[in-house]
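Next come the chains, spelled out residue by residue.
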Amino acid sequence: MAAKTVNCGDILLGSRPQLCSKYICQLREDTVPDQKVEFSSVNEELREAYGATNYNVLGPPSFTLRIGVESLEIANLYRNCDVSTAAFLTACNPFSAPTPEHENELKQQQLEERLHELSVSFLQGMGEDTSGEWAGEPSLLALGISREAATRLGNDFRQNAIVWISADRIPELIFLR
């Protein structure tokens, strides 16, 4: 199924974003329904890898999101698409377990279908390990999605974490387990 076309006008890309370290690898207490999460069961190596990942939006416009770094590009996208939130989501490699490519493609298609059902527009993306140790992971930037819906999708597709971008334009990791 093809991605929804996002017609948000011409987007002017800004200068280099500024670092805001308080958003690096936050754990939210409200991410697992009916359960208070006090710590993440995701191992430290994976948490660090998620924090160092380049979350590439393939656009248009094309840009990279970094955890804890304000994104002027997402601010422009928000303004032009009249939204104030987004989430960078994937359905690939549940719980970070390597999964055959055909299974990942099927799960990613199911994620696109769920976003269509929610009437959420999205752009294609790719999560890329900066060390080159892991292959890139197909992803989607869901525009205007609520945090609740994004975490529900992350849980439904058995993900360890999602990237949440609120109105402050600073991507943060929300660990789901």
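In case you missed it, the structure is sitting above this.
Residues numbered from 1 in each chain as written. Predicted model: local features only at pLDDT ≥ 70, side-chain atom pairs only at ≥ 80, totals over all residues. Heavy atoms only, no water.

Asks: Help me understand the overall build of the protein, please; the structure alone is not making it clear to me.
Replies: Of the regular secondary structure elements, the protein holds 4 helices and 7 strands. When the helices and strands of the protein are read in sequence order from the N terminus, they spell out α-β-β-α-β-α-β-β-α-β-β. Counting every position in the protein, which comprises 177 residues, the buried fraction comes to 46%. Within the protein, contacts between residues at least 6 apart in sequence are counted, and of these 68% link residues at least 24 apart. A total of about 9200 Å² of accessible surface is found on the protein, and carbon and sulfur atoms cover 47% of it. (Helix = DSSP H or I, 4+ residues; strand = E, 2+ residues; numbered from the N terminus. Buried < 20%, exposed > 50% of the residue type's maximum accessible area, 1.4 Å probe, protein only. Contact = heavy atoms within 4.5 Å. Areas by Shrake-Rupley, 256 points an atom, 1.4 Å probe, with all protein chains shown as cover.)

Asks: Could you clarify how one ought to interpret the pattern of salt bridges in this entry?
Replies: Charged atoms that come close allow side chains of opposite charge to pair. What the rule picks out here adds up to 2 salt bridges. Salt-bridge contacts for glutamate 70 lead to arginine 169; the nearest nitrogen and oxygen are separated by 2.0 Å. Of this pair, glutamate 70 sits in the loop between strand E2 (63-65) and helix H2 (72-81) while arginine 169 sits in the loop between strand E6 (161-165) and strand E7 (172-175), and the two are 99 residues apart along the sequence. The exposure class of arginine 169 is partly exposed, given its relative accessible area of 26%. We note a salt bridge from arginine 114 to aspartate 156, for which the minimum N-O separation is 2.7 Å. Highlighted residues: arginine 114 in helix H3 (residues 101-117) and aspartate 156 in helix H4 (residues 147-156), separated in sequence by 42 residues. Residue aspartate 156 is classed as partly exposed on the basis of its relative accessible area of 41%. (Salt bridge = Lys/Arg side-chain N within 4 Å of Asp/Glu carboxyl O.)

Asks: What's the story with the nonpolar core in this structure? I'm lost.
Replies: As a rule of thumb, soluble globular proteins bury nonpolar side chains together. Core analysis: the largest hydrophobic core is formed by 22 residues, its most contacted members being Leu65, Ile74 and Leu141. Of all the secondary-structure elements, those providing two or more residues to this core are helix H1 (44-52), strand E1 (54-57), E2, H2, strand E3 (86-89), strand E5 (137-143), E6 and E7. Considering every element that reaches this core, the biggest residue donor is H2, with 4 residues. Once residues within four sequence positions are removed from consideration, leucine 141 is found in contact with Val57, Phe63, Leu65, Ile74, Leu77, Ala86, Ala87, Phe88, Ser121, Phe122, Leu123 and Ile165. (Core = buried A, V, L, I, M, F, W, Y, C linked by side-chain atoms within 4.5 Å.)

Asks: Would you mind going over a negative patch on the surface with me for this structure?
Replies: Judged by side-chain charge, Glu44, Glu45, Glu48 and Glu133 come together as a negatively charged surface patch. One can find glutamate 48 in helix H1. (Patch = residues over 30% accessible without salt bridge, like charges linked within 9 Å, V, L, I, M, F, W, Y side chains within 5 Å. Lys, Arg positive; Asp, Glu negative; His and termini not counted. Charge placed at Lys NZ, Arg CZ, Asp CG, Glu CD.)

Asks: Would you mind showing me how to read the sheet that holds E6 here?
Replies: Neighbouring strands of a sheet are bound in pairs by backbone hydrogen bonds; such pairs are parallel or else antiparallel. Ordered in space as E2-E1-E4-E5-E3-E6-E7, the 7 strands form an open sheet in which the pairing is antiparallel. Pairing within the sheet leaves two strands with one partner each, and these edge strands are E2 and E7. With strand direction ignored, the average angle separating the axes of adjacent strands in the sheet is 30°. Note: E3 against E5, 4 bridges, orientation antiparallel. Within E5, the residue paired with leucine 89 across the bridge is leucine 140. (Pairing = 2+ DSSP bridges. Axes fitted to C-alpha atoms, helices over the stretch in contact; angles between N-to-C directions.)

Asks: Quick question: what am I supposed to make of the environment of arginine 158 here?
Replies: Tracing the backbone through its elements, the reader meets arginine 158 in the loop between H4 and E6. Along the backbone, arginine 158 and proline 94 are 64 residues apart, and their C-alpha atoms lie at a distance of 5.0 Å. Other than its neighbours up to four places away in sequence, arginine 158 contacts Pro94 and Phe95.

Asks: I would appreciate a short explanation of unusual backbone geometry in the present structure.
Replies: Both trends apply: most residues other than glycine have a negative phi, and most peptide bonds are in trans. A cis amide bond links glycine 59 to the next residue, proline 60, at an omega of 10°. Note on placement: proline 60 falls in the loop between E1 and E2. Cis geometry marks the peptide bond from proline 60 to proline 61, where omega comes out at 0°. Take proline 61: it is sitting in the loop between E1 and E2. Its identity as a non-glycine residue notwithstanding, aspartate 82 has a phi of 55°, on the positive side.

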